Amino acid sequence: MGVARVEIPRSHPRYESLVIRERLVEGFVEGIVVPQGLIAHGRGECFDYLIGERTIEPALKAMRAAAAALLLAKHPVISVNGNVAALVPGDVVRLAKAVNAKIEVNLFYRSEERARRIAEVLKAHGAEEVLGVDDATATIPELFSERRRVSPRGIYVADVVLVALEDGDRTEALRRMGKTVIAIDLNPLSRTSLAASITVVDNVVRAVPKLAELAEAMKTEPEDSLKSVLKTYDNAEVLSEVLRYVEARLRELSKTMRERVWSSGSP
Ligand code: PTJ
């Protein structure tokens, strides 16, 4: 399929954001990302603007709890879809190694060909094993999308599952199965954000590498200290903090609009 591409100059004020966009388009052309994934990214970008395109304190708090949950887990699994594979394949592998987690491909718009391609990308970035391609033979109960198909050695038996750009139905279904669900989602009001055990409101491009770094650092902490991080974690409070952060930020921005608008003197 012919897709127009542009070279983005480093000096462009929105360089980072445009490079991420191009990476997703590339993923689309390579058959890793679905068109719906491009739309999903646009929704995410909007929320990223609101938090200032940076990792905010409530997200860091959630990431510390997420790292603790992953390190304490018996069967942690990182679930990978098209967008995650296109944006952060190397960081997924690094995080999986840090917490000894399995990596599983799980797709909303599943095709065997795309699942295979995503596994290849992850393997090219150092993953030794990728579940969910030929072995997605178990079923998550009460779930009707293609995401119900999971590996009996992976998500099906996992106690902690990390998901990103997830849909609310599966998050709820995984919670009903008694699993701890860690979600990375830029929308603090999405059904996934509200249903997850731990919600990291941040862009996957910042959150996954940061989470890997935190997990590597926390790995040597005593189990009791990790347990206490988890015990004191309150997801509803963290999501409220995100909303208060956005509210305060918009208030501040509204005060400085006159200095920020482009005023050349012409109407
Ligand atoms: O690869 P597949 O077949 O599994 O399909 C993946 C998509 C993303 C198409 C599918 O999961 C989907 O339709 O997702 P939704 O329902 O659009 O949800 C995406 C959520 O992720 C929204 O709440 C977005 O705000 C959020 N989001 C989008 N981009 C990012 C993000 N969150 C974190 N980082 C991002 N880069």
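The following paragraphs examine the structure supplied in this document.

Concerning the overall build of the chain
Tallying secondary structure elements over the chain gives twelve helices and seven strands in all. For the chain, the C-alpha radius of gyration of 19 Å lies close to 18 Å, the compact-globule estimate for 267 residues. Along the longest, intermediate and shortest principal axes, the C-alpha atoms of the chain span 65 × 50 × 35 Å. Within the chain, the fraction of its 267 residues that count as buried is 49%.

What to know about the pairing of strand β1 (residues 76-80)
The element β1 is largely enclosed, with a buried count of five among its five residues. A two-sided burial pattern is seen for β1, the buried positions comprising Pro76, Ile78 and Val80 on one face and Val77 and Ser79 on the other. Bridge analysis of β1 against strand β5 (residues 160-164) gives three bridges, and the strand direction is parallel. Bridge assignment links Pro76 to a residue of β5, and that residue is Val160. Pairing geometry for β1 and strand β2 (residues 102-105), over four bridges, is parallel. If you follow Val77 over to β2, its bridge partner there is Lys102.

Structural notes on the environment of Arg23
Here Arg23 lies in helix α1 (residues 15-29). For Arg23, a relative accessible area of 32% puts it in the partly exposed group. Linking Arg23 and Val33, residues ten residues apart in sequence, is a C-alpha distance of 10.0 Å. Apart from the residues lying within four places of it in its own chain, the contact partners of Arg23 are Ala86 and Leu87.

Some words on the pattern of salt bridges
Under the defined criterion, the tally for this structure stands at 25 salt bridges. When the shortest N-O distance is used, the salt bridge between Glu142 and Arg176 registers 3.5 Å. Taken as a pair, Glu142 in the loop between β3 (138-139) and β4 (149-150) and Arg176 in helix α7 (residues 168-176) lie far apart in primary sequence, 34 residues in all. Of the charged contacts, one joins Arg170 and Glu166 as a salt bridge, the two residues approaching to 2.6 Å between their closest N and O atoms.

Section: the packing of aromatic side chains
Taken as a whole, this structure holds one aromatic pair when the rule is applied. Taken together, a centroid distance of 4.8 Å and an interplanar angle of 70° make the contact between Phe108 and Tyr109 edge-to-face.

Re α1
With 15 residues, α1 extends 21 Å from end C-alpha to end C-alpha; this agrees with the ideal 21 Å at 1.5 Å per step. For α1, the complete set of buried residues consists of Tyr15, Ser17, Ile20, Glu22, Leu24, Val25, Gly27 and Phe28.

Details of the site of the ligand
With respect to spatial proximity, 22 residues lie near the ligand, and among them Arg43, Phe108, Arg114, Leu165 and Asp185 are the closest. Residue Phe108 places a main-chain N or O atom 2.8 Å away from an oxygen atom belonging to the ligand. Contact distances for the ligand include 2.8 Å between an oxygen atom and a backbone N or O atom of Leu165. Relative to its free-state accessible area of 750 Å², the ligand is covered by the protein chains to the extent of 93%. The leading source of residues in the shell around the ligand is helix α2 (residues 35-51), at six residues. Of the residues in the shell around the ligand, the class split is eight nonpolar, nine polar and five charged.

A word on α2
The terminal C-alpha atoms of α2, which comprises 17 residues, lie 25 Å apart, in line with the 24 Å expected from a rise of 1.5 Å per residue. Among all positions of α2, only Gly37, His41, Gly44, Glu45, Asp48 and Ile51 are buried. One face of α2 carries all of its buried residues, which in axial projection span an arc of 115°. With respect to the buried face of α2, the exposed residues turned more than 90 degrees away are Ile39 and Arg43. Packing partners of the buried residues in α2 comprise α1, α4 (82-87), α9 (204-218) and α11 (235-255). Once α2 ends, the next one or two residues include Gly52, with phi positive near 90°.

Concerning the packing of α1 against α2
Across the interface, α1 lies against α2 with an axial gap of 9 Å and an inter-helix angle of 165°. One finds that α1 runs roughly antiparallel with respect to α2. Our pair here, α1 against α2, has a crossing hand that is right-handed. Contacts between α1 and α2 involve Ser17, Ile20, Arg21, Leu24, Val25 and Phe28 on the former and, on the latter, Pro35, Leu38, His41 and Glu45.

Brief notes about the sheet that holds β5
With parallel pairing, five strands are arranged side by side in an open sheet as β2-β1-β5-β6-β7. Among the strands making up the open sheet, the edge pair consists of β2 and β7 (198-200). With strand direction ignored, the average angle separating the axes of adjacent strands in the sheet is 20°. Bridge analysis of β5 against strand β6 (residues 180-184) gives five bridges, and the strand direction is parallel. In the strand pairing of β6, Val160 is matched with Thr180. Across the sheet, α9 is in contact with β5, β6 and β7; its angle to β6 comes to roughly 130°.

Reading the values: the criteria
Residues numbered from 1 in each chain as written. Predicted model: local features only at pLDDT ≥ 70, side-chain atom pairs only at ≥ 80, totals over all residues. Heavy atoms only, no water. Helix = DSSP H or I, 4+ residues; strand = E, 2+ residues; numbered from the N terminus. Rg over C-alpha atoms; globule rule 2.2 N^0.38 Å. Buried < 20%, exposed > 50% of the residue type's maximum accessible area, 1.4 Å probe, protein only. Pairing = 2+ DSSP bridges. Contact = heavy atoms within 4.5 Å. Salt bridge = Lys/Arg side-chain N within 4 Å of Asp/Glu carboxyl O. Phe/Tyr/Trp six-rings, centres within 6.5 Å; stacked < 30°, edge-to-face > 60°. Expected span 1.5 Å × (residues − 1). Near = heavy atom within 4 Å. Polar contact = N/O pair within 3.5 Å; in protein donor to acceptor, adjacent residues only side chain to side chain. Areas by Shrake-Rupley, 256 points an atom, 1.4 Å probe, with all protein chains shown as cover. Nonpolar A, V, L, I, M, F, W, Y, C, P; charged D, E, K, R; others polar. Arc of directions from axis to C-beta. Axes fitted to C-alpha atoms, helices over the stretch in contact; angles between N-to-C directions. Parallel < 35°, antiparallel > 145°, perpendicular 65-115°, else oblique. Left-handed = near helix turned anticlockwise from the far one by under 90°.

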